[in-house]
Amino acid sequence: PGLDKLGHFGAYFLLSLFLIRAFAHCTRGVRSGWIWITIFISTSYGLSLEWIQSFIPGREASVGDVLANFTGIVLGCWVYRQWNRWRLKKINLI
């Protein structure tokens, strides 16, 4: 069970990183609106998959999976934002 949650966390961490990076690349910068949109899209995706899973025989939806997904999403957005701030400060100092 613990590895399952770690897998959910890691997958959604990466999903949020890739999604926020795509938005930032298209608009030439990270805006707080993109962070909220990334959280919304990724969370909706995770909830949808859990809901669909509840209809598959032998599978069940799990609140723990949803929480692991959401934690990965939020941490992924936070890490990207921190990395982007560090990168911009480094560029401005040179």
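What counts and how
- Residues numbered from 1 in each chain as written.
- Predicted model: local features only at pLDDT ≥ 70, side-chain atom pairs only at ≥ 80, totals over all residues.
- Heavy atoms only, no water.
- Salt bridge = Lys/Arg side-chain N within 4 Å of Asp/Glu carboxyl O.
- Buried < 20%, exposed > 50% of the residue type's maximum accessible area, 1.4 Å probe, protein only.
- Helix = DSSP H or I, 4+ residues; strand = E, 2+ residues; numbered from the N terminus.

Colleague: Looking at this structure, I do not really get the pattern of salt bridges. What am I missing?
Modeller: Two side chains carrying opposite charge are able to pair once their charged atoms lie near each other. By the definition in use, this model includes two salt bridges. Put simply, Asp 4 and Lys 5 hold a salt bridge, and the shortest N to O gap is 3.2 Å. Owing to a relative accessible area of 37%, Asp 4 belongs among the partly exposed residues under this scheme. Where Asp 65 meets Lys 5, a salt bridge forms, and the shortest distance between an N and an O atom there is 2.7 Å. Here Lys 5 lies in helix α1 (residues 2-27) and Asp 65 lies in helix α3 (residues 63-93), a separation of 60 residues in the sequence. Look at Lys 5 and you get partly exposed, because its relative accessible area is 28%. Residues joined in a network through salt bridges with shared partners are Asp 4, Lys 5 and Asp 65.

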